[in-house]
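Notes for the structure review
The primary structure of each chain is shown beneath.
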Amino acid sequence: MNQLKTILIVDDEEKIREVLASYLSHAGYQTLEAATGKEAIEAQRNQSVDLVILDLMLPDRSGEEVCQEIRRQSAVPILMLTAKVEEQHRIEGLSIGADDYVIKPFSPREIVARVQAILRRSGEDLLAERISFQDGELIVDTGAKTVYKQGDPIHLTPIEYRLVQILARNPKRSFSREELVEKLFGFDYSGDTRTIDQHMKNLRNKVESDPKNPLYFKTVFGFGYRFDGEKS
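Residues numbered from 1 in each chain as written. Predicted model: local features only at pLDDT ≥ 70, side-chain atom pairs only at ≥ 80, totals over all residues. Heavy atoms only, no water.

This brings us to the pairing of strand 8 (residues 146–149). Here strand 8 shows no split at all, with Thr 146 and Tyr 148 on one side and Val 147 and Lys 149 on the other all buried. Direction of pairing for strand 7 (residues 138–141) relative to strand 8: antiparallel, over a ladder of four bridges. Its bridge partner being in strand 8, Leu 138 is matched across the sheet by Lys 149. The loop that links strand 8 with its antiparallel partner strand 9 (residues 152–154) comprises two residues; one of these, Gln 150, has a positive phi angle of about 50 degrees. (Buried < 20%, exposed > 50% of the residue type's maximum accessible area, 1.4 Å probe, protein only. Helix = DSSP H or I, 4+ residues; strand = E, 2+ residues; numbered from the N terminus. Pairing = 2+ DSSP bridges.)

In this section: the packing of aromatic side chains. The relation between two aromatic rings is expressed through the spacing of the ring centres and the mutual angle of the planes. By the definition in use, this model includes three aromatic pairs. For the ring pair Phe 133 and Phe 227, a centre distance of 4.8 Å and an interplane angle of 70 degrees mean the geometry is edge-to-face. A residue pair is termed long-range when its members are at least 10 positions apart, and Phe 133 in strand 6 (residues 130–133) and Phe 227 in strand 12 (residues 224–227) qualify at 94 residues. Residue Phe 133 shares its accessibility class with Phe 227, and that shared class is buried. A centroid spacing of 5.3 Å and a plane angle of 65 degrees characterise the contact between Phe 217 and Phe 227, whose relative ring orientation is edge-to-face. (Phe/Tyr/Trp six-rings, centres within 6.5 Å; stacked < 30°, edge-to-face > 60°.)

Right, let's talk about helix 1 (residues 14–26) for a bit. Relative to the 18 Å expected for 13 residues at 1.5 Å per residue, helix 1 spans 18 Å between its end C-alpha atoms, a close match to the ideal helical length. Along helix 1, the positions that sit buried rather than exposed are Ile 16, Arg 17, Leu 20, Ala 21 and Leu 24. What you see down the axis of helix 1 is that its buried residues fit within an arc of 125 degrees, all on one side. Every exposed residue of helix 1 that faces more than 90 degrees away from the buried side is listed here: Lys 15 and His 26. Following helix 1 by one or two positions, Gly 28 has its phi on the positive side, about 105 degrees. (Expected span 1.5 Å × (residues − 1). Arc of directions from axis to C-beta.)

Attention now moves to the packing of helix 6 (residues 158–168) against helix 7 (residues 177–185). Where helix 6 contacts helix 7, the axes come no closer than 10 Å and their chain directions differ by 125 degrees. In terms of orientation, helix 6 and helix 7 fall into the oblique class. Along this stretch, helix 6 crosses helix 7, giving a crossing that reads as right-handed. Packed against helix 6, whose contacting residues are Ile 159, Arg 162, Leu 163, Ile 166 and Leu 167, the element helix 7 presents Leu 180, Lys 183, Leu 184 and Phe 185 at the interface. When its residues are assigned to classes, the contact of helix 6 with helix 7 shows seven nonpolar, no polar and two charged. (Axes fitted to C-alpha atoms, helices over the stretch in contact; angles between N-to-C directions. Parallel < 35°, antiparallel > 145°, perpendicular 65-115°, else oblique. Left-handed = near helix turned anticlockwise from the far one by under 90°. Contact = heavy atoms within 4.5 Å. Nonpolar A, V, L, I, M, F, W, Y, C, P; charged D, E, K, R; others polar.)

So yeah, pure geometry; function would need other evidence.
In structure tokens form, the structure reads like this:
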């Protein structure tokens, strides 16, 4: 395990922070702690952070607001901790930029496994090249881990970037939701496969000129998605 990876734990319950810090340290990570939204934003801004574990119930401001503020500043992966079990709450969290979520109460070992999986995915480079589509209108540059539209970089979350990689390296191939979940979140992911739909919606809003009539990221009804871009 890379000893330099730093995890920011954001939770107002000291005991939870202590337990997570202990398990993550044992797994080989460095940890930072924040008890409020303000502390979290300042820590993320001033420290080198590789992943944020973010509780949605904070004393000074909502975790959703903190997530949005962090996402405006950085593409750092965000793992939400939430006591809200309703699907809509989870969808809202993903729509504002979180990469994954865990419902309380949780096992610390599950948190470590999720952290390892997220960091492993965000560090992978599936396309080790610069690939151009539609005569350069869309470019996937894995060296810079950036997607460009008409020459301008698009700010994507790590999950959105991975989704582009998976689909764009296999143009015209249809992927089921289950297959995409496995590739994005791992074999042991226990969440709803419809999570993919929210990430795809976010991705289309950033990449497509007309998200309701996408050129690149097409729905395969009753199955999943495919990428229809033409290499150039």
